[in-house]
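The lines below spell out each chain.
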Amino acid sequence: MKAIRRFTVRTVLPEPLRPLEELVLNLRWSWHHETLDLFRAVDPELWEAVRHDPVKLLGEVSPDRLAALAADRKFLRRLRHDAEDLRDYLTAPRWYQSLADAPAAIAYFSPEYGITAALPQYSGGLGILAGDHLKTASDMGVPIVGVGLLYRHGYFSQSLSREGWQLEHYPPIDPNGLPLTPLREPGGSPVRVTINLPEGRHLNAQVWVAQVGRVPLLLLDSDVEDNDPAARDVTDRLYGGGTDHRLLQEMLLGVGGVRAIRAYCRITGHPAPEVFHTNEGHAGFLGFERIRELIAEAGLSFDEALEAIRAGTVFTTHTPVPAGIDRFPRELIHKYFGGDVEAAGVPVDQVLGLGAETYEDGDRTVFNMAVMGMRLAQRVNGVSELHGRVSQEMFGGLWGGFDLDEVPIGFITNGVHADTWVAREMLDLVARSARGGWAGAEALPEGEIWRVRRVLRDRLVRDARRRLRESWRQRGAAEAELTWVDDALDPDVLTIGFARRVPSYKRLTLMLRDPERLRALLLDPERPVQILIAGKAHPADEGGKRLIQEIVRFADREGVRHRIVFLPDYDMALGQMLVQGCDVWMNNPLRPLEACGTSGMKAALNGGLNLSIRDGWWDEWYDGQNGWAIPSADGLGDADRRDTLEAAALYELIEDHVSVMFYDRDSSGLPRRWLEMVKHTLASLGPKVVSTRMLRDYTETLYAPAGRAARVMAADSYAGARALAEWKQRVAKSWPGVVVDHVETSGAESPEVGARLTVQALVQLGDLSPDDAAVEVAYGRVDESDTLVEPVYRELVDVETTENGRRRYVGEVPLDRTGAFGYSVRVVPRNPLLASRTELGLVALPSAPHGMTTGDLR
Ligand SMILES: *Cc1c(COP(=O)(O)O)cnc(C)c1O
């Protein structure tokens, strides 16, 4: 019989063991090895059986065992020590506390979070990044409050059918059986966040707090009894359901998330966030809710409220393909935000305007969440240098008239949380032997590195065998058929890992392009290779499931099954095993569709070497000696031929370089050249790929300036926001009257290096004053089509007003290079409250070609 309700009965711990609860409820254990050791000591066998989930451990440990521990003085001493260590960790000042004038708090919104395998609220890189962001914030003392949704079925868990087809399971989670506590009003009742829906319906949610070290993570959960059945299901699963469902999830995350933060701050006294960070477009409605608040509470107009919130909003985009952008039909937005439903007091046309694709070839029927993100955030970034450029191209239409590299989208390359992803043995080795941390890794003793690598490879091989056996049992194999599994894989064979989600651009099956060649690689008698593969296809992606089946069918073959395995149910726990144990981390996406990619960073920190297409982070930091770059045939129109070429390059690299170097041993059995590369990887990539570098970048270049800008806007009852909104309106209205009439130079008669040109421009400013606009000369190298390449901009000085109301601007251009050189002049809006001069998308350029002159300098 099926139960009609399920719940988890919490263990009542004996008094002396109470601090265990404190330790379990703070997710710091997910990256703190001593605490994990303590949990193991509670019951080592059970610890393995519950797959390192401490809440399950405490739920299942026997009362006898608890009684014994409560009388075990050595255990109690350790417990006291670890609990005190946690309290110190939570209160001692850290890096952020040394900054002056930094935001009092930062809200971070993300649709998914990967914090530990025991909290399956993530599907891939986006969620893992969000989890690493919060953990790092905790370590560095950055006062972030995280906001997300609690999905009752999380993301699915994966198994295989006999035929190798992906099967999905959605085991329900019970928040009471997770390290979560409900947010309660001072009177004890659970907090309710409510969103009004059309036709008198409501979407209610309760709020769970997951404590991630110092950082509270608020998770909204619509599975409450006061909701109708449809509303209850809003947070049923991650990335499931149709368009309406997705919109409701995003409303709950954005709008409900802001309300959850308000409740949290009111109840706990936590300072209100000054900066709001939108991790991917899905959370974008948070800006809209903050506009609504300011209209209702501060009496601002829509435009004024927009300026007030925009200054303090940061938007990170993660999607390098237009098809991947989150869009809704406009009618749907109208339905949920129109009338006086949710948006009472906010004109729906202005809401719709935020997500309108106003650029050429934009679709006028959709509401685009990324475009809304850009309009609601004064600061926008991609997640690697290459992805920043791709984003400038994708969204450049919003700033038509400017060169691509001036489109105000920057980048901060992702990083990974070392304590989560790096094997303890490797962390210890670096801490013990490398003075100066990662950067000092060149000095690590090679024998020691090799010893650690062997330990990690061996651990991976054992874990993979266990998983393989379990998977075959699930697929219906009898125990007697599985004796081969004991000898599958080898802890001394070159081990290549390939694990990731399975969208088509990641090309899971590229390695199968030439099956015979792959087979020969695996079975090479002198230099064998083994490959471990894992990945989930989105449940609706039949194509992805076919790719998995192709791989599984190949790996099922008797001749190769000991050298190539597919391990089902890729999650953080399996990910940790793989990035720690593999010698080589392979990645072959279709460039430039991998926005960043982070799994290769995790491998690098463990002393693995990357073998990858130059995409995402690898395009930026591959230096010729820290791994291998698979040549990409991007730009080739023929996708099939491109696959063939790139696969051939991949095989060749493995055959002629990777495996040769791995098996090239000296008299003491060490692969010297290999270990040189490992050391160079640790030293060159280590300091860059760690998330402390990432969070420092976010704090210094985005959070701190955004916090300052938000304060300027809010000061004096939002006088700054009112003034900026008024100014923008005036400038936009007057801009058609801004004209560059005439440009002339002197000093260019016989141009040579070291000379200076004097540039003069006659400009009409219409209704604007010289304070409202800057006149700039742009100069530098020009290409064959007379386009300035990476021009330098320099402001010209306003010297006089001529008789017919035009203004004369003058400045100098240094001729600092030989060859083709050119210059031009432009007028752009100027205001100290803008983050960049391109922000408004307004520019006036000389109309006739005489404004541009080029010459050949010697
Ligand atoms: C790191 C990680 C990812 C993201 O890796 P990519 O290189 O971006 O594919 C996805 N899933 C899990 C479980 C991870 O640990």
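An unreviewed UniProt entry lists the protein chain under the name glycogen phosphorylase, with Actinomadura craniellae given as the organism.

1. Considerations on the overall build of the protein chain
Scanning the protein chain from terminus to terminus reveals 26 helices and 28 strands. Computed over C-alpha atoms, the radius of gyration of the protein chain comes to 29 Å, within 12% of the 29 Å expected from 2.2 N^0.38 for 858 residues, which places it in the range of a compact globule. The principal-axis extent of the C-alpha atoms belonging to the protein chain is close to 100 × 70 × 50 Å. Classification of the 858 residues of the protein chain by burial places 57% in the buried group. Sequence-distant contacts in the protein chain: of pairs separated by 6 or more residues, those separated by 24 or more amount to 72%. Per element, the accessible surface of the protein chain, about 34,200 Å² overall, is 50% carbon and sulfur.

2. A look at a positive patch on the surface
A contiguous patch of positive charge on the surface is contributed by Arg-73, Lys-74, Arg-77, Arg-78 and Arg-80. Residue position: Lys-74 is located in helix α6 (residues 73–91). Here Lys-74 falls in the exposed class, since its relative accessible area comes to 63%.

3. Topic: the packing of aromatic side chains
Applying the stated criterion across every chain, the model contains 19 aromatic pairs. Ring geometry for Trp-472 and Trp-484: centres 6.4 Å apart, planes at 80 degrees, overall edge-to-face. Taken as a pair, Trp-472 in helix α18 (residues 446–474) and Trp-484 in the loop between α18 and β15 (494–499) lie far apart in primary sequence, 12 residues in all. Across the pair, Trp-484 and Trp-472 agree in class, each one buried. When the centroid spacing of 5.7 Å and the interplanar angle of 40 degrees are considered together, the rings of Trp-628 and Trp-674 count as tilted. Of the two residues, Trp-628 is situated in strand β20 (residues 627–630) and Trp-674 in helix α25 (residues 672–689); the sequence distance between them amounts to 46 residues. Of the aromatic side chains, those joined through ring pairs into one cluster are Trp-450, Trp-628, Phe-662, Tyr-663 and Trp-674. Between Arg-475 and the ring centre of Trp-472, over which it is positioned, the NZ or CZ distance is 4.3 Å.

4. Topic: the UniProt feature "modified residue: N6-(pyridoxal phosphate)lysine" (unreviewed entry) in the protein chain
Mapped onto the present numbering, the UniProt feature "modified residue: N6-(pyridoxal phosphate)lysine" (unreviewed entry) falls at Lys-602. Beyond its immediate sequence surroundings of up to four residues, Lys-602 is in contact with Ile-128, Val-416, Trp-421 and Val-579.

5. Topic: the side chain of Thr-838
Tracing the backbone shows Thr-838 in the loop between β27 (819–829) and β28 (853–857). On the accessibility criterion, Thr-838 (4% relative accessible area) is buried. Beyond its immediate chain neighbours, meaning those up to four positions away, Thr-838 contacts Trp-399, Phe-402, Glu-406 and Pro-408.

6. Comments concerning empty space enclosed by the protein
Applying the stated criterion across every chain, the model contains four cavities of 30 Å³ or more. Counted as a void, the largest cavity has a volume near 100 Å³. Of all elements in the fold, only α18, α20 (542–556) and β17 (564–566) reach the threshold of two or more residues within the lining of the largest cavity. Its residues assigned to classes, the lining of the largest cavity shows nine nonpolar, one polar and three charged. By volume, the second largest cavity is sized at about 60 Å³. Taken together, 13 residues form the lining of the second largest cavity, with Arg-500, Asn-587, Gly-600, Ser-612 and Trp-617 sitting closest to its centre.

7. So, the domain arrangement of the protein chain
Once the domains are mapped, the protein chain shows domain 1 (15–91), domain 2 (104–415 + 698–715), domain 3 (445–689) and domain 4 (738–857). Distance between the C-alpha centres of domain 3 and domain 4: 53 Å.

8. Some remarks on helix α26 (residues 691–734)
If you check α26, its first and last C-alpha atoms are just 45 Å apart, much less than what 44 residues at 1.5 Å a residue would give, namely 64 Å. Bending of α26 peaks at approximately 125 degrees at the position of Ser-717.

9. Here's the deal with the sheet that holds β15
A sheet is described by the order of its strands in space; here six strands give the open sequence β17-β16-β15-β18-β19-β20, paired in parallel fashion. Two strands bound the open sheet, and with one partner strand each, they are β17 and β20. Taken pair by pair, the neighbouring strands of this sheet meet at an average axis angle of 15 degrees, ignoring direction. Where strand β18 (residues 584–587) and strand β19 (residues 609–613) come together, four bridges link them in parallel fashion. Paired with Asn-587 across the two strands is Ser-612, which belongs to β19. Relative to the sheet, α18 contacts β15, β16 (529–534) and β17, its axis offset from that of β16 by approximately 55 degrees. Across the face of the sheet, helix α21 (residues 572–581) comes into contact with β15, β16 and β18 while running at roughly 160 degrees to β16.

Cut-offs applied
- Residues numbered from 1 in each chain as written.
- Predicted model: local features only at pLDDT ≥ 70, side-chain atom pairs only at ≥ 80, totals over all residues.
- Heavy atoms only, no water.
- Helix = DSSP H or I, 4+ residues; strand = E, 2+ residues; numbered from the N terminus.
- Rg over C-alpha atoms; globule rule 2.2 N^0.38 Å.
- Buried < 20%, exposed > 50% of the residue type's maximum accessible area, 1.4 Å probe, protein only.
- Contact = heavy atoms within 4.5 Å.
- Areas by Shrake-Rupley, 256 points an atom, 1.4 Å probe, with all protein chains shown as cover.
- Patch = residues over 30% accessible without salt bridge, like charges linked within 9 Å, V, L, I, M, F, W, Y side chains within 5 Å.
- Salt bridge = Lys/Arg side-chain N within 4 Å of Asp/Glu carboxyl O.
- Lys, Arg positive; Asp, Glu negative; His and termini not counted.
- Charge placed at Lys NZ, Arg CZ, Asp CG, Glu CD.
- Phe/Tyr/Trp six-rings, centres within 6.5 Å; stacked < 30°, edge-to-face > 60°.
- Lys NZ or Arg CZ within 6 Å of the ring centre and 35° of its normal.
- UniProt positions renumbered as here; feature names shortened; annotations may be inferred.
- 1 Å grid on protein atoms, 1.4 Å probe; cavity = no way out; pocket = protein on both sides within 12 Å on 5 of 7 lines; lining within 4 Å.
- Points joined across faces, edges and corners; volume = space filled by probe spheres on them.
- Nonpolar A, V, L, I, M, F, W, Y, C, P; charged D, E, K, R; others polar.
- Domains from an automatic or database assignment.
- Expected span 1.5 Å × (residues − 1).
- Bend = angle between axes of the 7 residues up to and from the residue.
- Pairing = 2+ DSSP bridges.
- Axes fitted to C-alpha atoms, helices over the stretch in contact; angles between N-to-C directions.

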